Amino acid sequence: MTYPARQSIWTRRFLALPTAGAVLAALLLVALPVLPAAAAVGAPLQLTDPTVTPTSGTPATTVTFEVTYRNNSRLAPLYVRVHAGSVVRNMQAATDSTSWKRGVVFRVTATLPAGTWTPWFEAADGNGASAQVTASTAVTITAPPTPRPTPAPTPTPKPTPK
């Protein structure tokens, strides 16, 4: 690169540097593909292994919901909840473990109205971190068939007088 003779040494050095826009573009090209993976690994709060059993039944069937709560900051949850249709339940730890970083299983049981529901779980900690996860299987609740009414008994005819 040639410079006019009247330019100072500082001007020459500035012109030789890449522009801020070029540097930013280069950084974004390198960093963008890596950011989602890095964010997932370092997420402070995670919900994993959502399960629902059984996956079918009637409105009288008790359904069990489970999810594992992990917190890299070792914080207990403010809440862990499950949503299935119009039903929302707060979940409780399934054991006495408080190993939040390793993960603690939360469980709750509920009955559901008729329909097909894909449960989803949510949790939050005291630092404002939150997470959601959806179960990979739906639960189908079918209403039992309506029973046929019992027919009215036929009246006994009155005897005819003699």
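What counts, and where the lines are drawn
Residues numbered from 1 in each chain as written. Predicted model: local features only at pLDDT ≥ 70, side-chain atom pairs only at ≥ 80, totals over all residues. Heavy atoms only, no water. Pairing = 2+ DSSP bridges. Helix = DSSP H or I, 4+ residues; strand = E, 2+ residues; numbered from the N terminus. Core = buried A, V, L, I, M, F, W, Y, C linked by side-chain atoms within 4.5 Å. Buried < 20%, exposed > 50% of the residue type's maximum accessible area, 1.4 Å probe, protein only. Contact = heavy atoms within 4.5 Å. Phe/Tyr/Trp six-rings, centres within 6.5 Å; stacked < 30°, edge-to-face > 60°. pLDDT = per-residue confidence, 0-100. Polar contact = N/O pair within 3.5 Å; in protein donor to acceptor, adjacent residues only side chain to side chain. Lys, Arg positive; Asp, Glu negative; His and termini not counted. Salt bridge = Lys/Arg side-chain N within 4 Å of Asp/Glu carboxyl O.

K.L.:
What exactly am I supposed to notice about the sheet that holds strand β1 (residues 45-53) here?
P.N.:
Strand pairing within a sheet occurs via backbone hydrogen bonds; the two strands may be parallel or antiparallel. If you trace the 4 strands from one edge of the open sheet to the other, you get β1-β3-β7-β6, paired in antiparallel fashion. Lying at the two open borders of the sheet, with one neighbouring strand each, are β1 and β6 (92-93).

K.L.:
Any chance you could explain the nonpolar core here in plain terms?
P.N.:
It is characteristic of soluble globular proteins that their nonpolar side chains tend to be buried jointly. With 26 residues, the main nonpolar core has Phe 65, Met 91 and Phe 121 as its most contacted residues. In contact with Met 91, other than residues within four places in its own chain, are Phe 65, Glu 66, Val 67, Val 80, Arg 81, Val 82, Phe 106, Arg 107, Val 108 and Phe 121.

K.L.:
Can you help me understand the packing of aromatic side chains in this one?
P.N.:
The geometry of an aromatic ring pair is captured by the separation of the ring centres together with the interplanar angle, meaning the angle of the planes. Applying the stated rule across the entire model yields 3 aromatic pairs. On the numbers, 6.1 Å between centres and 65° between planes, the contact of Tyr 69 with Phe 106 is edge-to-face. Placement of the pair is Tyr 69 in strand β3 (residues 63-71) and Phe 106 in strand β7 (residues 104-110), with a sequence separation of 37 residues. Grouping residues by exposure puts Tyr 69 and Phe 106 together as buried. Three or more aromatic residues joined by ring pairs make a cluster, and in this case those are Tyr 69, Trp 100 and Phe 106.

K.L.:
Just checking my understanding: could you explain the sheet that holds strand β8 (residues 115-117) for this structure?
P.N.:
Pairing is mixed across the open sheet formed by 3 strands, whose spatial order is β2-β11-β8. Of all the strands in the sheet, just β2 (56-57) and β8 have a single pairing partner and so form its edges.

K.L.:
Would you take a moment to explain the confidence of the model for the protein for this structure?
P.N.:
Parts of the prediction with low pLDDT should not have their coordinates interpreted in detail. For the protein, per-residue confidence averages 82 on the pLDDT scale, and 74% of positions sit at 70 or higher. A low-confidence stretch, residues 24-40 (pLDDT under 50), is modelled with 2 contacts involving residues beyond four sequence positions or located in other chains.

K.L.:
Help me understand the environment of Thr 48 in this model?
P.N.:
Within the secondary structure, Thr 48 is located in strand β1. Sequence separation of Thr 48 and Arg 70 is 22 residues, and the distance between their C-alpha atoms is 7.9 Å. Discounting chain neighbours no more than four positions away, the residues touching Thr 48 are Val 67, Thr 68 and Arg 70. Side-chain polar atoms of Thr 48 contact the side chain of Arg 70, separated by 2.5 Å.

K.L.:
Is there a simple way to think about the side chain of Asp 125 in this case?
P.N.:
Considering the arrangement of structural elements, one finds Asp 125 in strand β9 (residues 120-125). For the buried residue Asp 125, which engages in no salt bridge, the nearest side chain bearing the opposite charge is Arg 74, 12 Å off. Within the structure, the side chain of Asp 125 is placed 3.2 Å from the backbone nitrogen of Gly 128, a separation counted as a polar contact. Those residues in contact with Asp 125 that lie beyond four places of it in its chain are Leu 45, Tyr 69, Asn 71, Leu 75, Ala 76, Pro 77 and Leu 78.

K.L.:
Before we go on, may I ask you to explain the pattern of salt bridges in this structure?
P.N.:
A side chain of one charge can pair with a side chain of the opposite charge if their charged atoms are brought near each other. In total, this model carries 2 salt bridges according to the counting rule given. The closest approach of N and O atoms between Glu 66 and Arg 107, which form a salt bridge, is 2.5 Å. In this pair, Glu 66 sits in strand β3 while Arg 107 sits in strand β7, placing the two residues 41 residues apart along the sequence. Given the relative accessible area of 22%, Glu 66 is considered partly exposed. For Glu 122, the salt bridge goes to Arg 81, with nearest N and O atoms at 3.6 Å.

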